[in-house]
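Each chain, written out:
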Amino acid sequence: MKGRLIPWLVGTMCVAMLVVVAVQVSWLESSAELRKEAFDQSVEQSLQLVATWLSAGHLDRADEDPNVLRTNELGALERSIVRRMEALPMDSLLMLALAEQGIAAEPVYGAFDRYSQPVFLPESSEAFQEDLLTRGYSVAIANLQFRIQFPNLGRYLLGQMLGAFALSVVMMLLIAGIFGYTLYAIQRTKRLDKLQRDLVNNLTHELKTPISSIGLASEAILDPGFDDEAKKHYLHLIREENKRLGVLVENVLRASLSESGAMRLYVQSLNLHDLIKGVVKNMAMQFHKQGAKVELELNASNPNLVGDKIHLTNILFNVIDNAMKYAKEDPHVVIRTTQTPDGLSLDIQDNGVGIAREHLGKVFERLYRVPTGNVHDVKGFGLGLSYVKNVIERHGGTVNLTSRLGEGTTFTFTLPFESQPTTTDTA
Ligand code: ADP
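Scoring rules and cut-offs
- Residues numbered from 1 in each chain as written.
- Predicted model: local features only at pLDDT ≥ 70, side-chain atom pairs only at ≥ 80, totals over all residues.
- Domains from an automatic or database assignment.
- Near = placed C-beta within 6 Å.
- Helix = DSSP H or I, 4+ residues; strand = E, 2+ residues; numbered from the N terminus.
- Nonpolar A, V, L, I, M, F, W, Y, C, P; charged D, E, K, R; others polar.
- Pairing = 2+ DSSP bridges.
- Axes fitted to C-alpha atoms, helices over the stretch in contact; angles between N-to-C directions.
- Contact = placed C-beta atoms within 7 Å.
- Buried ≥ 20, exposed ≤ 12 C-beta atoms within 10 Å, placed from the backbone.
- Parallel < 35°, antiparallel > 145°, perpendicular 65-115°, else oblique.
- Core = buried A, V, L, I, M, F, W, Y, C linked by C-beta atoms within 7 Å.
- pLDDT = per-residue confidence, 0-100.
- Arc of directions from axis to C-beta.

### Points about the domain arrangement of the protein
The assigned domain composition of the protein is domain 1 (5–160), domain 2 (184–260) and domain 3 (267–416). Placing a centre on the C-alpha atoms of domain 1 and another on those of domain 3 gives a separation of 77 Å.

See the structure below:
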């Protein structure tokens, strides 16, 4: 169940979201219908008001000439109403009547006789004559039909609901976003948990060997049966194993300090080329053992910069050591520097096993090791590169990595002449 919790959560959340979306959509639909009904009613009331205004104080229907009603001529009442429409500022009048009902949509309008012929049609409404007759709202004023229509009705009603609609969308996006982030955080914690477990297993394994070697060697020294030469050999072995333990503890400590931000940089003027040559010289034995060819292309014209000598030496060692650890037959390492406008660029290129594209972004993460199945032929804790990235970035520089599986890897670092003041001290 534990392993299936996340897919189960995602499934439930998706179903819940779909239900919420469906409810929202149907709620918006009925809300739109209600709004339309309320709008229709308000328009009808406004029209009644307009009709009252237009027919107020006019001739009575009784004055109508019965002969006129049988022709398409207008009666006296209708004529006087049309005259009134022409004389009055109908635009403002209509807007006023609509505003009274809380409507701000702009109408087109006209008056038609009983044969649907326009008797009053402002220029702006001419294009909508057909619409007015088929879809308009109407009110009878004597024998005339006063009709209005809202060409932008859909947009107007939508605009009124936009607030509620936008709020629902924003809320749903927010919920989905928070859910996504929570899932991401859970996954991240799970991954870190696994990495931490791997580290402990790895460390225990790494510690066991020197501890048992030291134990065996000290027993041998205490054994009177061994001569001085043999004891010296065992003492030497204890010293070597002790050194190994020291390096191990140092590495873990350094990485955890750099990660927690407690790493301090003690900056001083230094020459990067000298630093590189020093590290390469110290690693000469290792290169020799593995038959590695190391080429220096120190092209930068000004290799002087201000930085932390110890940390920069450590990272050079880490990256070159990785080039050796992840080498194939005939290792070949090129260390190249070039000048940049504000500092130096350093490439460390190898022809080793390379890193698959999907792991490129992750190797700088703490505890990340490229998975190799269950075979751990190369020792390590996945701490080196996260330390390297930390140190370079604390110097105000950048790290970059290009690699092709089976062909090799190039790490590119840039370092400014002066490291940023903010990066020099974060106690
Ligand atoms: P590790 O202790 O595992 O070497 P690092 O942080 O130094 O930890 O490196 C992280 C991972 O990146 C390594 O486990 C390895 O898979 C990969 N890696 C690092 N450097 C190289 C390289 N030069 N060539 C191929 N893979 C490398």
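### Quick look at the site of the ligand
Taken together, 21 residues form the shell around the ligand, and within it Tyr326, Val370, Gly380, Gly384 and Leu385 come nearest. Residue assignment for the shell around the ligand shows that the elements contributing at least two residues are α9 (309–325) and α11 (384–394). Across the shell around the ligand, the residue classes break down as ten nonpolar, eight polar and three charged.

### Things to note about the sheet that holds strand β6 (residues 293–298)
An order of β6-β8-β9-β11-β10 is seen for the five strands of this open sheet, with the pairing classed as mixed. Two strands lie at the open edges of the sheet, namely β6 and β10 (398–404), each paired on one side alone. On average, each strand axis in the sheet is inclined to that of its neighbour by 10°, with strand direction left out of account. Bridging between β6 and strand β8 (residues 332–340) involves six bridges; their strand directions are parallel. If you follow Glu295 over to β8, its bridge partner there is Val334. Across the sheet, α9 touches β8, β9 (343–350) and β11 (408–416), and the angle it forms with β9 is around 20°.

### Remarks on the sheet that holds strand β4 (residues 144–149)
Sheet architecture is open: four strands sit in the order β2-β1-β4-β3, paired in antiparallel fashion. Taken across any chain shown, the strands that pair with only one partner, and hence form the sheet edges, are β2 (118–120) and β3 (137–141). Taking each pair of neighbouring strands and ignoring which way they run, the sheet shows an average axis angle of 35°. The sheet strands contacting helix α1 (residues 5–55) are β3 and β4, and the helix crosses β3 at an angle near 25°. The sheet contacts of helix α2 (residues 76–87) involve β1 (108–112), β2, β3 and β4, and relative to β2 the element is tilted by about 55°.

### What about unusual backbone geometry?
At Ser116, a position not held by glycine, the phi torsion is positive, near 60°. A positive phi angle, near 55°, is found at Ala142, a position not held by glycine. Secondary-structure assignment places Ala142 in the loop between β3 and β4. Assessed through the 21 C-beta atoms surrounding it within 10 Å, Ala142 is described here as buried.

### Let's talk about the packing of α1 against helix α5 (residues 153–222)
Helix-helix packing: each pair is described by the crossing angle between the helix axes and the interaxial distance. It is the contact of α1 with α5, at a shortest axis distance of 10 Å, that shows an interaxial angle of 175°. In terms of axis orientation, α1 runs roughly antiparallel to α5. Partitioned by chemical class, the residues of the contact of α1 with α5 number 17 nonpolar, four polar and two charged.

### Looking at the nonpolar core
Ile315, Leu316, Val319, Ile320, Ile348 and Val388 are the most contacted members of the largest nonpolar core, which totals 28 residues. Where this core is concerned, the elements lending two or more residues are α7 (272–282), α9, β8, β9, α11 and β11. Per-element accounting of this core gives the leading share, six residues, to α9.

### A word on the confidence of the model for the protein
Residues shown with low pLDDT carry predicted positions that ought not to be read at fine detail. Taken over all residues, the pLDDT of the protein has a mean of 85, while the share at 70 or more is 91%. Across residues 58–71, where pLDDT falls below 50, the model places 18 contacts with residues more than four positions away in sequence or in other chains. When the criterion is pLDDT under 50, residues 421–427 qualifies, and its contacts beyond four places in sequence or with other chains add up to eleven contacts.

### A word on the pairing of β4
Within β4, five of the six residues are buried, leaving the element largely enclosed by the surrounding structure. Examined bridge by bridge, β1 and β4 share five bridges and lie antiparallel to one another. Pairing of Val108 across the sheet is with Gln149, part of β4. The sheet contact formed by β3 and β4 spans five bridges and is antiparallel.

### A look at the environment of Ser386
Structurally, the position occupied by Ser386 is in helix α11. Since 20 C-beta atoms lie within 10 Å of it, Ser386 is described here as buried. Between the C-alpha atom of Ser386 and that of Ala255, which follows or precedes it by 131 residues, the distance is 7.2 Å.

### Quick word on helix α3 (residues 90–100)
For α3, the full list of buried residues reads Met90, Leu94, Ala97 and Leu98. For α3, the arc enclosing every buried residue in end-on projection is 100°, short of the 170-degree limit, so these residues lie on one face. In α3, those exposed residues whose orientation departs by more than 90 degrees from the buried face are Ser92, Ala99 and Glu100. Where α3 is buried, its residues contact α1, α2, β1 and β4.

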